[in-house]
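Here are the chains, one letter per residue:
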Amino acid sequence: MTPPIRVLLVDDQALLRSAFRVLVDSETDMVVVGEAADGAQAVELARSTRADVVLMDIRMPGTDGLAATRVISADPELTGVRVVMLTTFEVDEYVVQSLRAGASGFLGKGAEPDELLAAIRIAAAGEALLSPAATKGLIATFLAQGGGSGGGQGAGATEYSERLSALTGREREVLVLVAGGHSNDEIAERLAVSPLTVKTHVNRAMAKLGARDRAQLVVIAYESGLVRPRAE
């Protein structure tokens, strides 16, 4: 039997945490293993509970969600932890900051219960919680307005240039399509290969680039300059 997804709830509002706990614990395939009211406590509990998924509020007093996510993402012992950012501020800048911090996705607090539960399952599976529209619109638009590495000439390009050179031609091709918001099935159709083959290329690209998940691949593709954003 597959063990349940271990979920850590992080929000400075106790009422919201209680509501999330009732929702998550109502599912047979997931369980709440802890609650935190700030980012510092979230990091401690992520380590002690070995949570699979952290539902992380962005704005909290003291250590905020972005800072806590950076710490979790940088800790080698927490490589299996996936962070889903929660916020009432659904703006482009927060999406990109969340992903750069190491989050697997982004969800507004106004999301429906089914969307929240789906987000937990998607993150636990190592997938990016970003629709193709979000990938193309939110990230590309923000970076085109100056939020990126300056057309691939800044620190991001330098940091990833050596790793990118380790990719095969097909892996680079797949990475570009992932950054374009295409699913594995769509990429498979474009390249006339099987979805399993695409998944293999994605996993190898993640390993070579040090990406935690698909969401990080998207950020790396833009930050490195491999993919150039276009203003709509």
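Here we summarise the structure given alongside this text. (Residues numbered from 1 in each chain as written. Predicted model: local features only at pLDDT ≥ 70, side-chain atom pairs only at ≥ 80, totals over all residues. Heavy atoms only, no water.)

This part takes up the overall build of the protein chain. The helix and strand tally for the protein chain stands at eleven helices and five strands. Scored against the burial criterion, the 232 residues of the protein chain give a buried share of 49%. Within the protein chain, counting contacts between residues at least 6 apart in sequence, those at least 24 apart form 68% of the total. Accessible area for the protein chain stands at about 10900 Å²; split by element, carbon and sulfur atoms hold 52% of it. (Helix = DSSP H or I, 4+ residues; strand = E, 2+ residues; numbered from the N terminus. Buried < 20%, exposed > 50% of the residue type's maximum accessible area, 1.4 Å probe, protein only. Contact = heavy atoms within 4.5 Å. Areas by Shrake-Rupley, 256 points an atom, 1.4 Å probe, with all protein chains shown as cover.)

This next bit is on unusual backbone geometry. With the exception of glycine, the majority of residues adopt a negative phi angle, and the majority of peptide bonds are in the trans configuration. Despite not being glycine, R50 shows a phi value in the positive range, around 55°. Tracing the chain through its elements places R50 in the loop between helix 2 (39-49) and strand 3 (53-57). Although it is not a glycine, A192 sits at a positive phi angle of roughly 60°. Of note, A192 is situated in the loop between helix 9 (184-191) and helix 10 (195-209).

Next up on the list: the pattern of salt bridges. In the structure shown here, the tally under the stated rule is eight salt bridges. Measuring nitrogen to oxygen at the nearest pair gives 3.0 Å for the salt bridge that ties R170 to E173. Here R170 pairs with E173, and both are found in helix 8 (residues 169-179), just three residues apart, close to one helical turn. Among the residues examined, E173 registers a relative accessible area of 34% and is labelled partly exposed. Salt bridges here are not isolated pairs; linked through shared partners, they connect R17, R21, D25 and E35. (Salt bridge = Lys/Arg side-chain N within 4 Å of Asp/Glu carboxyl O.)

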